[in-house]
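Working through the structure, step by step
Listed below are the residues making up each chain.
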Amino acid sequence: MTADLTGTYLTLDDGRPAVRFSRVYDHPVDRVWQFVTDADELERWFPSRAEIELRPGGTITFSGDPHMEGSTGRVLAVDPPRHLAFEWGGDELRFDLEETGDKSTRFTLTNVLDAQDSAARNGAGWEVCLAALDARARGEETSGPHSGADAPWKELYAAYVAAGMPSGAPVPGLD
């Protein structure tokens, strides 16, 4: 089986490395905003449960990932229902939503990386998580976490490395 990679490695205007993913969902922007901001929705696709205080400077509490300790982050920017940015474990996550039709929304996730060598690792992880979000958006029941022995993570990671995405960062739960 060949991995279908949807992430793009890029360097932002400020010189920071990032990986970016984009999807179009057949849901209005308000519903996709729920996928991104509601703790119960996030728990179904995001790497951990995230309870977000939706205001600039607000706290985000991350819990439930079996490979990482619970932690907190900070909301950097919020413009409901179009944009959310927050800190998580040294990285910055940006969610941008754009209406593309009457009932469809373009979802863009940009993971601004603290370290360039985490690009392949994070790209593979987001592929697994976003596959769960894709299923959720289709109305399929999903639950987290989206890692472990059954997840196609290793194949996706190897494919990103083979595609030349920077790699070498430690992998929680494996290293």
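Residues numbered from 1 in each chain as written. Predicted model: local features only at pLDDT ≥ 70, side-chain atom pairs only at ≥ 80, totals over all residues. Heavy atoms only, no water.

Threshold: UniProt positions are given in the numbering used here, feature names are shortened, and annotations may be inferred rather than shown by experiment.
Per UniProt, the protein carries the Sequence similarities (unreviewed entry) text "Belongs to the AHA1 family."

1. Observations concerning the environment of Glu87
So the rule is basically this: Only DSSP runs of H or I with at least four residues qualify as helices, and only runs of E with at least two residues qualify as strands; both kinds are numbered from the N terminus onward. Residue contacts are counted whenever heavy atoms from the two residues lie within 4.5 Å of one another.
In this structure, Glu87 sits in strand β6 (residues 83-88). Taking the C-alpha atoms as reference, Glu87 lies 9.6 Å from Thr59; in sequence the two are 28 residues apart. Excluding anything up to four places from it in sequence, Glu87 contacts Phe62, Gly73, Arg74 and Leu76.

2. Overview of the side chain of Asp91
Quick reminder of the rule: Each residue's exposure class comes from its accessible area (1.4 Å probe, protein chains only) as a fraction of the maximum for that residue type: buried when under 20%, exposed when over 50%, partly exposed otherwise. Charge assignment: positive for Lys and Arg, negative for Asp and Glu; neither His nor the chain ends contribute. Any Lys or Arg side-chain nitrogen located within 4 Å of an Asp or Glu carboxyl oxygen qualifies as a salt bridge. In protein, a polar contact means a hydrogen-donor-capable atom and an acceptor-capable atom, both N or O and within 3.5 Å, with residues adjacent in sequence counting only if both atoms are side-chain atoms; elsewhere, any N or O pair within 3.5 Å suffices.
Locating Asp91 in the fold gives a position in strand β7 (residues 91-101). Buried within the structure, Asp91 lacks any salt-bridge partner; Arg121 is the closest side chain of opposite charge, at an N-O distance of 5.3 Å. A polar atom in the side chain of Asp91 sits 2.8 Å from the backbone nitrogen of Asp114. For Asp91, the contacting residues outside a window of four places in its chain are Phe86, Asn111, Val112, Leu113, Asp114 and Asn122.

3. Here we look at the sheet that holds strand β1 (residues 8-11)
Strand pairing in a sheet takes place through backbone hydrogen bonds and is either antiparallel or parallel in direction. Basically, it comes down to this: The rule for pairing is simple: two strands pair if DSSP sees at least two bridges between them. Note on definitions: angles span 0 to 180 degrees between N-to-C directions of axes, and those axes are lines fitted to C-alpha atoms, for helices only across the stretch in contact.
What the eight strands build is an open sheet, ordered β1-β2-β8-β7-β6-β5-β4-β3; its pairing is antiparallel. The open sheet has two free edges, formed respectively by β1 and β3 (49-52), since each of these has just one partner strand. Going from strand to strand, the sheet's axes swing by 25 degrees on average, the running direction of each strand aside. With six bridges joining them, β6 and β7 adopt antiparallel strand pairing. Looking at β7, one finds that Leu84 is bridged to Phe95. In the packing of helix α1 (residues 29-37) onto the sheet, contacts are made with β2 (17-25), β3, β5 (71-79), β6, β7 and β8 (104-112), and the angle to β7 comes to roughly 165 degrees.

4. Side note on the pattern of salt bridges
Going through the model one piece at a time under the given rule, you end up with 15 salt bridges. Close ionic contact of Glu43 with Arg49 constitutes a salt bridge, the shortest N to O distance being 2.9 Å. On the accessibility criterion, Glu43 (37% relative accessible area) is partly exposed. Residue Arg49 is classed as buried on the basis of its relative accessible area, which comes to 19%. Put simply, Arg31, Glu41, Arg44, Arg136 and Glu141 are held in one network by salt bridges that share partners.

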